[in-house]
Amino acid sequence: MDALILAGGLGTRLAPVVADRAKPVAEVAGHPFLAFVLDHLARCEPVRRVILCVGHKADTVEAALGARFGPLSIAYSHEDEPLGTGGALRHAIARFRPAAPMLAMNGDTLFTLDLARLLAFHRAHRAGATMALARVPDASRFGTVEVRAGRVTGFAEKGRAGPGWINAGTYVLGRIAAEALAAGPHAFSLERDALPAWCADGLLAGLASRARFLDIGVPQDYARAAALFGRRPPQRA
């Protein structure tokens, strides 16, 4: 199966400490951050191709990762202009036509959930799409996700302090979701436009897990990533 990774954002909040490359290939413990994401993907037996959705500083992503990572082949879906997360996925689906179900992931987050478990959950719930949920001690930067009986029932806005379940940026996209993305506008947001619509239609499942979650979107979390991965380099073999 294919995994689509969003790696084309501007990385504005991280720019003060990472200005020379795209955020997903910011150096962490001597390696591009995406190498740790790919290392996790490579352990999921069904995944064989990764499609990186690139835009801002795309050349730095290609230079850092090349065409292969261990058992994974890597293809690049280039955006000539910002398309938003939904538009980036729409563009990649139109170009590479991956078969459903497929994985979709944020390139600046790592969630160590067992991906085979996520796929099995998606199939068992016959969902249009499934999102992974992480537990964090302070959800104010992310906003929270409400789930009942395995179905996502709502989203709370950012700014509410305290622990909560958040969107971990890892998804399974079934046929219905893939078709909806392919029919979407030129540029749109997966998080603000597509996910709430799928939730309202009862198509969105949610799997909560206390696996390790890491987001390098802000300098303090980027610094924490270096400490976490300093002793475990990603494996390309």
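The shown structure was predicted, so the numbers you read here are calculated from the model rather than taken from an experiment.

> Now, about the pattern of salt bridges: what can you tell me, with residues and values included?
All told, the structure shown has four salt bridges when counted by the stated rule. With its nearest N and O atoms 2.8 Å apart, the salt bridge here joins D2 to R49. Note that D2 is positioned in strand β1 (residues 2-7) and R49 in strand β4 (residues 49-54), a separation of 47 residues in sequence. Judged by its relative accessible area of 10%, D2 is buried. R175 is the partner of E179 in a salt bridge, and the nearest nitrogen-oxygen pair spans 3.4 Å. Pair noted here: E179 and R175 are both in helix α5 (residues 175-182), with a separation of four residues, about one helical turn. The partly exposed category is assigned to E179, whose relative accessible area is 46%.

> So, the packing of aromatic side chains: which residues are in play, and what are the values?
Applying the stated criterion across every chain, the model contains two aromatic pairs. The interplanar angle of 70° and the centroid separation of 6.2 Å between the aromatic rings of F111 and F213 together place this pair among those described as edge-to-face. Taken together, the residues span a long stretch of sequence, with F111 in strand β8 (residues 109-111) and F213 in strand β14 (residues 213-215) at a distance of 102 residues. The exposure class of F213 is buried, given its relative accessible area of 12%. A ring pair is formed by F142 and F213, whose centres lie 5.9 Å apart and whose planes are at 80°; its orientation type is edge-to-face. Within this pair, whereas F142 is found in the loop between β9 (129-136) and β10 (145-148), its partner F213 is found in strand β14, the two being separated by 71 residues in sequence. Relative accessible area serves as the criterion here: at 24%, F142 is assigned to the partly exposed category. Taken together, F111, F142 and F213 form an aromatic cluster joined through their ring pairs.

Rules used throughout
- Residues numbered from 1 in each chain as written.
- Predicted model: local features only at pLDDT ≥ 70, side-chain atom pairs only at ≥ 80, totals over all residues.
- Heavy atoms only, no water.
- Salt bridge = Lys/Arg side-chain N within 4 Å of Asp/Glu carboxyl O.
- Helix = DSSP H or I, 4+ residues; strand = E, 2+ residues; numbered from the N terminus.
- Buried < 20%, exposed > 50% of the residue type's maximum accessible area, 1.4 Å probe, protein only.
- Phe/Tyr/Trp six-rings, centres within 6.5 Å; stacked < 30°, edge-to-face > 60°.

Everything listed here is a matter of coordinates, which is why it stays silent on function.
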